[in-house]
Amino acid sequence: MLNIGFQTFATPEYKMNTAVNTATVGLWDAIKTSSAQAWDYNPSSSLFRTFEMQDAINVSDKVIPKDELNAKYADLGLFFDKDTREGVVNYIVDRKNIERKRQEILSRGSQTLGSKALYLGAGLVTSFADPINIASAFIPIVREARFASLVAKLGATRARLTKGAIEGFVGNALVEPIVYKVAQSEQADYDYQDSILNLVAGTILGSGLHLGFGKIGDAIASIRGKDNIYQRLAKSHP
């Protein structure tokens, strides 16, 4: 569900200590970069890039030996375990260069706690734009009877937060393997720790979505003079 790019942004050693790479980056530029990185690790973007990878296979019939590739691209942190088509190589290299550039920008941005909170917030906001993220948060895991029980035990707000957390976690767990697989195929700096953090963040965001949309639904029901969800549940589950 939620993929906000919790990578460690460290400038590669071979690019450090130059005037360009040590210059301070403005807060707004760092926030935009964080948002762009987050978008790439959302499920919709990841799915789109699977098609780009397939197209890259057909760009050229030329196959480059793995030893040649490893000698040429080791400094980028790339490793090829087999001979690879030229188009795929170019695609992976382009993706790695984009990632490295973003890492450089974020490593030169403000590192205060407040700034990092803004970077995280930018990733969260970006994830709201992904339709798969939103849809996956509403997979009906908690059925009506169970939700009615939660309302009776926890109250309206906590019941919605709990339902959202459960469905957000499950939804994210279903789509995260797609993101992880694509990231690994691109040799991105994205590992199981990033996936775990995204599961946690997806759980939190699921709670927020359920609570927010629920409140909107209650308001609309009130305006129309209809029962809200809790009143309907009370009638159907006395």
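These figures come from a predicted structure and were not determined experimentally.

(A) Molecular detail of the overall build of the protein chain. Looking only at helices and strands, the protein chain has 11 helices and 2 strands in total. Along the protein chain, helices (α) and strands (β) appear in the sequence α-α-α-β-α-β-α-α-α-α-α-α-α when read from the amino end. In the protein chain, which comprises 238 residues, the share counted as buried stands at 43%. At a minimum sequence separation of 6, the contacts of the protein chain that also span at least 24 residues come to 77%. Surface exposure of the protein chain reaches about 12900 Å², of which carbon and sulfur atoms provide 62%.

(B) Summary view of helix 4 (residues 66–73). Within helix 4, burial applies to Leu69, Asn70 and Tyr73. The arc enclosing the buried residues of helix 4, seen along the axis, measures out at 95°, which places them on a common side. Exposed and oriented more than 90 degrees from the buried face of helix 4 are Asp67, Ala71 and Lys72. Residues of helix 4 that are buried sit in contact with strand 1 (63–64), strand 2 (84–85) and helix 5 (86–107).

(C) A look at the environment of threonine 157. Note on placement: threonine 157 falls in helix 9 (residues 156–185). What makes threonine 157 partly exposed here is its relative accessible area of 33%. Linking threonine 157 and leucine 211, residues 54 residues apart in sequence, is a C-alpha distance of 6.8 Å. Not counting chain neighbours up to four residues away, the residues in contact with threonine 157 comprise Leu211 and Lys215.

(D) Summary view of helix 8 (residues 144–154). By the burial criterion, the buried members of helix 8 are Phe147, Ala148, Leu150 and Val151. Along the axis of helix 8, the buried residues cluster in a sector spanning 160°; they form a single face. Turned more than 90 degrees off the buried face of helix 8, the exposed positions are Ala152 and Lys153.

(E) Spatial organisation of the packing of helix 3 (residues 43–57) against helix 5. The N-to-C vectors of helix 3 and helix 5 enclose an angle of 140°; their axes lie 7 Å apart at closest approach. In this view, helix 3 runs oblique relative to helix 5, as classed from their interaxial angle. Note that helix 3 runs across helix 5; the crossing there is right-handed. Every residue of helix 5 that contacts helix 3 at Arg49, Glu52, Met53, Ala56 and Ile57 is listed here: Gly87, Val88, Tyr91, Ile92 and Arg95. Along the lines of polarity and charge, the residues of the contact of helix 3 with helix 5 split into 6 nonpolar, 1 polar and 3 charged.

(F) Main features of empty space enclosed by the protein. Using the criterion set out here, one finds 1 cavity of 30 Å³ or more in the structure. As for the largest cavity, its lining consists of Gln37, Asp40, Tyr41, Arg95, Lys96, Glu99, Arg102, Glu186 and Ala188. The set of elements that each furnish at least two residues to the lining of the largest cavity consists of helix 2 (27–40) and helix 5. Looking at the lining of the largest cavity element by element, the count peaks at 4 residues for helix 5. Classifying every residue of the lining of the largest cavity by side-chain character gives 2 nonpolar, 1 polar and 6 charged.

(G) Local environment of unusual backbone geometry. With a phi angle near 60°, glutamine 187 is a residue other than glycine that sits in the positive phi range. With respect to the helices and strands, glutamine 187 occurs in the loop between helix 9 and helix 10 (192–223).

(H) Representation of the pattern of salt bridges. Evaluated as defined, the whole model comprises 11 salt bridges. The shortest N-O distance in the salt bridge between glutamate 186 and arginine 49 comes to 2.7 Å. Of the two residues, glutamate 186 sits in the loop between helix 9 and helix 10 while arginine 49 sits in helix 3, which places them 137 residues apart along the sequence. Judged by its relative accessible area of 3%, glutamate 186 falls in the buried class. Classification of arginine 49 by relative accessible area gives buried; the value is 3%. Across the pair arginine 100 and aspartate 189 runs a salt bridge, and its minimum N-O distance is 3.7 Å. Note that arginine 100 is positioned in helix 5 and aspartate 189 in the loop between helix 9 and helix 10, a separation of 89 residues in sequence. Assessed through its relative accessible area of 12%, arginine 100 is described here as buried.

Reading guide: rules and limits
Residues numbered from 1 in each chain as written. Predicted model: local features only at pLDDT ≥ 70, side-chain atom pairs only at ≥ 80, totals over all residues. Heavy atoms only, no water. Helix = DSSP H or I, 4+ residues; strand = E, 2+ residues; numbered from the N terminus. Buried < 20%, exposed > 50% of the residue type's maximum accessible area, 1.4 Å probe, protein only. Contact = heavy atoms within 4.5 Å. Areas by Shrake-Rupley, 256 points an atom, 1.4 Å probe, with all protein chains shown as cover. Arc of directions from axis to C-beta. Axes fitted to C-alpha atoms, helices over the stretch in contact; angles between N-to-C directions. Parallel < 35°, antiparallel > 145°, perpendicular 65-115°, else oblique. Left-handed = near helix turned anticlockwise from the far one by under 90°. Nonpolar A, V, L, I, M, F, W, Y, C, P; charged D, E, K, R; others polar. 1 Å grid on protein atoms, 1.4 Å probe; cavity = no way out; pocket = protein on both sides within 12 Å on 5 of 7 lines; lining within 4 Å. Points joined across faces, edges and corners; volume = space filled by probe spheres on them. Salt bridge = Lys/Arg side-chain N within 4 Å of Asp/Glu carboxyl O.

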